[in-house]
Amino acid sequence: MTKFIIKGGNKLNGKVKISGAKNSALKIMAAAIMAGGRTILKNVPVIDDVLTMAEVLNQLGAEVDFDTSHNILEINPDNIKSFEAPYELVRKMRASILVAGPLLSRFGEVKVAIPGGCNIGSRQIDLHLKGFELMGAENVIEHGYVYSKAVSGAAKGAKRKLKGAEINLEFPSRGATENIMMAACLSSGKTIINNAAKEPEINDLANFLNKCGAKISGIGTDSIVIEGVDELAGCQYEIMSDSIEAGTFIIASALCGKKVEIAGAVWENMGIFCQKLKDIGVNIENKENSTIIIKKSKGILKPAYISTLPYPGFPTDLQPIATVLLCTIPGISIVTENVFENRFMYVDELNRMGANIKIDGHHAVITGVNKLSGAPVSATDLRAGAALILAGLIADGTTEVYEINHVLRGYENFDKKLRNLGADIIKVS
Ligand code: EPZ
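Residues numbered from 1 in each chain as written. Predicted model: local features only at pLDDT ≥ 70, side-chain atom pairs only at ≥ 80, totals over all residues. Heavy atoms only, no water.

Asker: Explain the packing of helix H10 (residues 319-327) against helix H12 (residues 382-394) to me, please; I cannot follow it from the model alone.
Answerer: Think of two packed helices as two axes; the pair is described by the angle between the axes and how far apart they sit. Relative to each other, H10 and H12 sit at 20 degrees, their axes nearing to 8 Å. By the criterion of interaxial angle, the relationship of H10 to H12 is roughly parallel. Remark: the crossing between H10 and H12 carries right-handed chirality. Only Arg 383, Ala 384, Ala 386, Ala 387, Leu 390 and Ala 391 of H12 make contact with H10, whose side of the interface consists of Pro 320, Ile 321 and Val 324. Looking at the contact of H10 with H12 residue by residue, the classes come out as 8 nonpolar, no polar and 1 charged. (Axes fitted to C-alpha atoms, helices over the stretch in contact; angles between N-to-C directions. Helix = DSSP H or I, 4+ residues; strand = E, 2+ residues; numbered from the N terminus. Parallel < 35°, antiparallel > 145°, perpendicular 65-115°, else oblique. Left-handed = near helix turned anticlockwise from the far one by under 90°. Contact = heavy atoms within 4.5 Å. Nonpolar A, V, L, I, M, F, W, Y, C, P; charged D, E, K, R; others polar.)

Asker: Mind showing me how you'd approach the pattern of salt bridges here?
Answerer: A side chain with one charge may pair with a side chain of the opposite charge, provided their charged atoms come close. Following the criterion strictly, the structure yields 16 salt bridges and no others. Put simply, Glu 285 and Lys 295 hold a salt bridge, and the shortest N to O gap is 3.7 Å. Here the residue Glu 285 occupies a position in strand S18 (residues 283-287), and Lys 295 occupies one in strand S19 (residues 291-295), the gap between them amounting to 10 residues. As a salt-bridge pair, Glu 349 and Arg 352 come within 3.7 Å of each other at their nearest N and O atoms. (Salt bridge = Lys/Arg side-chain N within 4 Å of Asp/Glu carboxyl O.)

Asker: What should I look at first to understand empty space enclosed by the protein in this one?
Answerer: If a probe the size of a water molecule is rolled over the atoms, the empty space left behind becomes visible. Overall, the coordinates contain 1 cavity of 30 Å³ or more when judged by the stated rule. There is about 40 Å³ of room inside the largest cavity. Surrounding the largest cavity, Ile 97, Ala 100, Val 110, Val 112, Ile 125, His 128, Leu 129, Phe 132, Val 146, Ser 148 and Asn 179 form its lining. If one sorts the elements of the lining of the largest cavity by residue count, helix H5 (residues 126-134) sits on top with 3 residues. Across the lining of the largest cavity, the residue classes tally to 8 nonpolar, 3 polar and no charged. (1 Å grid on protein atoms, 1.4 Å probe; cavity = no way out; pocket = protein on both sides within 12 Å on 5 of 7 lines; lining within 4 Å. Points joined across faces, edges and corners; volume = space filled by probe spheres on them.)

Asker: Sorry if this is basic, but what is going on with a nonpolar patch on the surface here?
Answerer: A cluster of nonpolar side chains, namely Tyr 305, Ile 332 and Ile 334, defines an oily patch on the protein surface of about 280 Å² accessible area. Given a relative accessible area of 45%, Tyr 305 falls into the partly exposed group. (Patch = residues over 30% accessible without salt bridge, like charges linked within 9 Å, V, L, I, M, F, W, Y side chains within 5 Å. Areas by Shrake-Rupley, 256 points an atom, 1.4 Å probe, with all protein chains shown as cover. Buried < 20%, exposed > 50% of the residue type's maximum accessible area, 1.4 Å probe, protein only.)

Asker: Help me understand the pairing of strand S1 (residues 3-7), please; the structure alone is not making it clear to me.
Answerer: Residues in a regular strand point their side chains to alternate faces of the sheet. Counting buried positions along S1 gives 4 out of 5 residues, so the element sits mostly inside the fold. The pairing of S1 with strand S26 (residues 424-428) spans 5 bridges and is classified as antiparallel. For Lys 7, the partnering residue across the bridge sits in S26 and is Asp 424. (Pairing = 2+ DSSP bridges.)

Asker: Hey, could you run me through the nonpolar core in this one?
Answerer: Soluble globular proteins tend to pack their nonpolar side chains together in the buried interior. The biggest cluster of nonpolar side chains holds 80 residues, and the ones touching the most others in it are Met 181, Phe 208, Leu 209 and Leu 232. Broken down by element, this core gets its largest block of residues, 7 residues, from helix H6 (residues 174-185). Among residues more than four places away in sequence, those in contact with Leu 232 are Met 34, Ala 35, Gly 36, Cys 185, Leu 186, Leu 209, Cys 212, Gly 213 and Ala 214. Core analysis: the second largest hydrophobic core is formed by 74 residues, Ala 304, Ile 306, Tyr 346 and Ala 375 among them. (Core = buried A, V, L, I, M, F, W, Y, C linked by side-chain atoms within 4.5 Å.)

Asker: How should the site of the ligand be read in this particular structure?
Answerer: Close contacts around the ligand come from 23 residues, with Lys 27, Asp 126, Leu 127, Ser 173 and Asp 317 the closest. Within the side chain of Lys 22, a nitrogen or oxygen atom sits 3.0 Å from an oxygen atom of the ligand. Within the side chain of Asp 317, an N or O atom sits 2.6 Å from an oxygen atom of the ligand. Here the ligand has 820 Å² of accessible area as a free molecule, and 86% of this is covered by the chains. For the shell around the ligand, the secondary structure elements donating two or more residues are helix H1 (22-31), H5, H6 and H12. Here the shell around the ligand is built from residues that sort into 8 nonpolar, 6 polar and 9 charged. (Near = heavy atom within 4 Å. Polar contact = N/O pair within 3.5 Å; in protein donor to acceptor, adjacent residues only side chain to side chain.)

Asker: What am I meant to see in the packing of aromatic side chains here?
Answerer: Pairs of aromatic rings are described using the distance from one ring centre to the other and the angle between the two planes. Scanning the entire structure with this criterion turns up 6 aromatic pairs. Centroid distance Phe 83 to Phe 107: 6.3 Å. Interplanar angle 45 degrees. Geometry classified as tilted. With Phe 83 in the loop between strand S6 (72-76) and strand S7 (84-85) and Phe 107 in helix H4 (residues 100-107), the pair connects residues that are 24 residues apart, well separated along the chain. Owing to a relative accessible area of 24%, Phe 107 belongs among the partly exposed residues under this scheme. Taking 4.6 Å as the distance between ring centres and 25 degrees as the angle between the ring planes, the aromatic pair formed by Tyr 411 and Phe 414 counts as stacked. The exposure class assigned to Tyr 411 is buried, which follows from its relative accessible area of 3%. According to the relative accessible area criterion, Phe 414 is buried, its value standing at 3%. (Phe/Tyr/Trp six-rings, centres within 6.5 Å; stacked < 30°, edge-to-face > 60°.)

Asker: Mind showing me how you'd approach the domain arrangement of the protein here?
Answerer: Many structure descriptions define interface size as the accessible area lost when the parts assemble. Along its sequence, the protein is carved into domain 1 (3-19 + 242-428) and domain 2 (22-238). Between the C-alpha centres of domain 1 and domain 2 the distance comes to 31 Å. Across the boundary between the two partners, domain 1 contributes 22 residues, which contact 22 residues of domain 2. For the pair domain 1 and domain 2, the summed buried area comes to about 1,900 Å², and 51% of that belongs to carbon and sulfur atoms. (Domains from an automatic or database assignment. Buried area = accessible area lost by both parts, 1.4 Å probe.)

Asker: Explain unusual backbone geometry here, please?
Answerer: Omega for the peptide link from Tyr 311 to Pro 312 comes to 10 degrees, which places this bond in the cis form. Assignment of secondary structure puts Pro 312 in the loop between strand S20 (305-307) and H10. In this model, Asn 289 sits at a positive phi of 35 degrees, which is unusual for a non-glycine residue. With respect to the element layout, Asn 289 can be found in the loop between S18 and S19.

Asker: So what exactly am I meant to see when it comes to the side chain of His 128 here?
Answerer: Locating His 128 in the fold gives a position in helix H5. Those residues in contact with His 128 that lie beyond four places of it in its chain are Ile 97, Ser 173, Gly 175, Ala 176, Asn 179 and Ile 180.

Here is the structure:
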């Protein structure tokens, strides 16, 4: 079983370059289904989730070529004939559900396995389906699949299958915003998504779609307007850098860094997260051209209250990772998880390393301890795995992190980047 072995105590020093954003690349790959001809994507991270999405596109009939040594991925969707995303791939990666909007938009129908829950929550898709319904699709759920077909959209035989609609999301769901926005691109008329999610990755997707010929406005606001067009054409596009990976390295540097320069860390994309670290006393500096520098803090770090919220709030994906920082800060800190119903699974593993965290519903109450001690632990999900690796960097002795398949899904060369900064970490199969 592949695992990471980390010997704690080393200091991090030097420069790290952040890779392309997983949670943008996956959606832009799905969106390419709607754009005729070749799409060439640059700065695509070489991670398992991207390989899985490439497999999904392949199974649909698209040609996909990934030059992993240059992070360039080419997609030609012209020969796509199937509009079914099979269970074995959706089970592997929930984000496969994001081919639904593009397929429905292009073919007027889609059959996709319903993504199961995971270790952080139930991961519903009701908001996605409600949006499709308002745009004239009929959703039938049976045998673990959802089958959506445009029934009352544009005129019979018209090129556009769905019709525009005004959609008010009960929750600013990222996936629902993305799926509905993509479905609306080739529909007839205007679609307005109110209470839309505003993460930077959504802006990246909208900018890609506009470069393909879509007409999307209100980008970066909670009201996105899409005027349907007849067709989209493939284009060249560079994926934005990954703010969650940047935040992971910022916390790693705050834990045991002397001076670390993080290139590709865009302060504006994680403003509240960076501000919170400054309030805690982390020595964090915003440099020009998307670089953040972390130096050893001058004084004692202060306990904090962190509450996760949709963007621009504190990102839920950095909640487990920030908790590791709070573990060894004297005093009481509280972390409240408002986005997912079960995102504290990693706490039991951290407590096995000597942390002192009590879970009370959506709250984690953290009493700072002097030291963590290395132990064998298991990653319960992607960000939990990253958190346990960071805990190993500062723990006394050796930490073995198992189930690292979760980590390999979302971080490109994670151990190599940490080793280049001075961490004692190896991957053992
Ligand atoms: C995206 O998931 C990210 N994944 C997640 O990152 C991230 O944690 C999450 O957004 C929140 O920021 C990708 O982009 C691939 P949501 P998504 O729809 O789109 C509920 C990582 O570590 N909900 O905003 O699934 C849902 O149950 C991953 O990179 C409904 O109830 O997030 C959840 O509680 C983990 N009905 C909440 O909304 C719906 O129809 C947030 O979901 C849709 C969502």
